[in-house]
Each structure stands twice: as structure tokens, then as C-alpha cells.
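# A structural walkthrough
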Amino acid sequence: MVLKSKLWPFLFGLSIGLTLAVYVTTYSKLVFPIATSIYTKRELVSYFPTEIPSSFDNYIPSINIEDDKSQHKDDDSVSRKLAKNVRILIWVMTSPTNLNVKAKAVKETWASHCELVLFFSSVDNDTFPAIGLNVSEGRSHLTAKTMKAFRYIYENHFNDADWFMKADDDTYVIIENLRYFLSGENSSEPVYFGQLFTTHVVQGYYSGGAGYVLSKEALRRFGEGAEKVNCSKDHGSEDVEMGFCMWKLGVRTGNTHDVLGRSRFHVFKPETHVNGRYMHWYSRYDAYGAKQGIESISDYAVSFHYVSPPHMYALEFFVYHLRPYGIMSELQILNNKTTVV
């Protein structure tokens, strides 16, 4: 009897402890998912259970914004003028397995606002279309993809734009804000822009996921001198290797924060930068102290990363469709240099 009287409290406490452990583990996985650029069916279903159908391979949501446009009375004259004066080519790194899900979401959302977008994969796809670079797939070969993509652009599209941006297929880019930022910069200077990390490279380098933009002069130096200065052809971290390459070629990094000191390029999703739930390494890498909160993000933010396909469509709605009735926004002067429109 004494043994039973002591055993019951122990068993009761154990059951409560196990229940709490399961609850905390499940909750933490839902609220603080590990940042990753690879989204599996299980991950997407767990984060967005009502948005992903059972036949994930056929998950190809379609959006038709033409009907919605008829209700919008936006004055886009400044944006259209910038589109003519600030010529940008954006290339998106993708793969055969991501083409009809992640890359398709990019194509149907932010890429539809761009003048010139190219999709690069390991093999050609004439239907999508995507340009094959004849490289092996996998994270260990992202450097090869990047170097070959910029080589292809230099040889085939050098005169089609003045700025050349690399993005991933889980990067969301607000092209109008990118044009505005670049309108205050000189594409004839050897410079490139993005979210600056301070490790590895003397002058720092830019996060590949947040996207980075090469000036025309930077691309020219890459095309003419990458092999001469022994830029990496493969292996290593793609963004670090590109950073080393730019440094060897005399291409400098530049400040991308707005006049109020707020960030424009972002390595994580919007909610991560708002809430500050960063990966442990981020504070050691970010050049500006891994700030958090709405006040740390520019009203003219350019990019966000780790954006899943469902989030991609959600961001498209929030950026281009949601409007608070009765509030008319005026243009802000947030560049550090004079904007030429």
C-alpha cells in the first residue's frame, strides 16, 4: 500500500510532463519552423493545411489579376517612367523539380511585373521556359549555376539592361522598389548591392537568398576577368564565392539601407524580420546588427527570402492589391542619393 501511494503521484507527474513535452515540441515546430530553402510536401501541408491539395505534384494555383485591375485606379506613371529609365534583368535560380511549383509561383507573381526575367535550371525546358546550364543539381553546385548564369547573361544580354539581379525561386522581389533604389545609383560604377554579410570576405558579401544586383560595369568585369583572377567555378557557398570574385575584380559593396537606416534586402520572410526570430548565426553575419521590428524595415523594401509558394501568392496580394480605404499614400524620398526619374 505504501508503494502504491508513492507510485501514483509519480505516474501522474510523468504523464503531465510527457503531455507538456509533446505540446511544446509541436507548438514550437509550428510557430518557429526552421528556415530552409527546401519545402517538402509534408512541410507545406503542415504550415498551410487548407491551401495545399492532396495532389501536391499538381499544385499549380492560378491567379487572374486582370479583373481586379479594373477596380484599381492607381497612378503608376512614376513606376512606368522608372521602368524605362532603370533597365533591370533578373535571373531566377531554379531546378527541374521546383520548376512547376516554386518557379511557377515566382512567374505568376512578382516576375509578372518585371521587364526581363530569365529562369536558369540544370536542363533546358522550352515550355516553361528555363535555360539549362548543364550542371549537376544540389547545393554543392550552386556556385557553378551562378557563375554559368552570369556568364550566359554577359554573352547574350549585356546590352539589354544596366543592372543584373540574381534571385532564388523562393525569393520575393518588389521590382518597383528595386528600380527606385537603383535610380539613385550609377550602373557605370563597379558596384553590387544586396543584404550585406561581414564574414569570409574582406569587404563583406551579399546573401544569395535575399538576392544581389550587379551593375553593368560589375558584369563587364566579371565577363572579361573572372577566369583571369581565378573566380571559383564550382563548390563552396555560392554567395561567398561570388563575393570573393567581386572583391578580386575590384567590384565594391554598397549601402542599400534607406535614408532612415532601414533595410531593403532581406534574407528571411517578412514576419521573421518583424518578430526577430532569427537563426542563431544571423547576428554574427549581418552587417547592421540583425535589427528587428517594423521600424527596421524600409517602406520601400526590395526582397524577402524563404518564401514558400502559398506565401508568394499571399505577398502578391498584400503588396499589389490590399488597400486601406480612404488613405492615399504619397511618394517618399528614401534614397541616400538623388533619384533620376
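Residues numbered from 1 in each chain as written. Predicted model: local features only at pLDDT ≥ 70, side-chain atom pairs only at ≥ 80, totals over all residues. Heavy atoms only, no water.

Before going further, it helps to spend a moment on the overall build of the protein chain. Scanning the protein chain from N- to C-terminus turns up twelve helices and eleven strands. Partitioning the intrachain contacts of the protein chain with sequence separation of at least 6 by distance along the chain shows that 77% fall at a separation of at least 24. Only carbon and sulfur atoms are counted for the fraction: they give 56% of the accessible area of the protein chain, which is about 18,100 Å². (Helix = DSSP H or I, 4+ residues; strand = E, 2+ residues; numbered from the N terminus. Contact = heavy atoms within 4.5 Å. Areas by Shrake-Rupley, 256 points an atom, 1.4 Å probe, with all protein chains shown as cover.)

Attention shifts here to the sheet that holds strand E3 (residues 131-132). Pairing in this open sheet of seven strands is mixed, and the strands run E3-E2-E1-E4-E9-E6-E10 from one edge to the other. Only two strands of the sheet have a single neighbouring strand rather than two, namely E3 and strand E10 (252-253). Both strand E2 (residues 116-121) and E3 contribute to a ladder of two bridges, which runs parallel. Residue pairing across strands places Phe120 opposite Ile131, the latter belonging to E3. Contacting strand E1 (88-93), E2, E3, strand E4 (163-168) and strand E9 (212-215), helix H6 (residues 142-157) runs over the sheet at an angle of about 150° to E1. Each of E4, strand E6 (191-193) and E9 is contacted by helix H8 (residues 216-225), which is oriented at about 80° to E9, the strand it contacts most. (Pairing = 2+ DSSP bridges. Axes fitted to C-alpha atoms, helices over the stretch in contact; angles between N-to-C directions.)

This part is about H6. Under the 1.5 Å per step criterion, the end-to-end length of H6 is 21 Å for 16 residues, consistent within 8% with the ideal 22 Å. Inspection of H6 places Leu142, Thr143, Ala144, Lys145, Thr146, Met147, Ala149, Phe150, Ile153 and His157 among the buried residues, and these make up the whole buried set. Buried residues along H6 sit in contact with E1, E2, E4, E9, H8 and helix H9 (238-248). (Expected span 1.5 Å × (residues − 1). Buried < 20%, exposed > 50% of the residue type's maximum accessible area, 1.4 Å probe, protein only.)

We now examine unusual backbone geometry. Of note, the amide linkage connecting Phe128 to Pro129 takes the cis form, showing an omega dihedral of 0°. With respect to the helices, strands and loops of the structure, Pro129 is situated in the loop between E2 and E3. In the Ramachandran plot, His200 falls in the positive-phi region, its phi being about 75° despite a non-glycine side chain. The topology assignment puts His200 in the loop between strand E7 (196-197) and strand E8 (205-206).

Here we come to a nonpolar patch on the surface. Nonpolar side chains collect at one region of the surface, where Phe317, Phe318 and Leu322 lie side by side and expose about 300 Å² of accessible area between them. Tracing the backbone through its elements, the reader meets Leu322 in the segment after helix H12 (309-320). The class for Leu322 is partly exposed, based on a relative accessible area of 45%. (Patch = residues over 30% accessible without salt bridge, like charges linked within 9 Å, V, L, I, M, F, W, Y side chains within 5 Å. Salt bridge = Lys/Arg side-chain N within 4 Å of Asp/Glu carboxyl O.)

So, on to empty space enclosed by the protein. Gaps between atoms show up when a probe of the same size as a water molecule is rolled over them. Taken as a whole and assessed by the stated rule, the structure comprises one cavity of 30 Å³ or more. Considering only enclosed or pocket space, the largest cavity measures out at about 110 Å³ in volume. Lining the largest cavity are 15 residues, and of these His257, Ser263, Tyr282, Asp286 and Lys291 sit closest to its centre. For the lining of the largest cavity, the residue count by class is five nonpolar, seven polar and three charged. (1 Å grid on protein atoms, 1.4 Å probe; cavity = no way out; pocket = protein on both sides within 12 Å on 5 of 7 lines; lining within 4 Å. Points joined across faces, edges and corners; volume = space filled by probe spheres on them. Nonpolar A, V, L, I, M, F, W, Y, C, P; charged D, E, K, R; others polar.)

When the pLDDT values of the protein chain are averaged, the result is 84; 78% of them are 70 or greater. Contacts for the low-pLDDT stretch residues 22-57, under 50 throughout, to residues beyond four places or in other chains number 44 contacts. (pLDDT = per-residue confidence, 0-100.)

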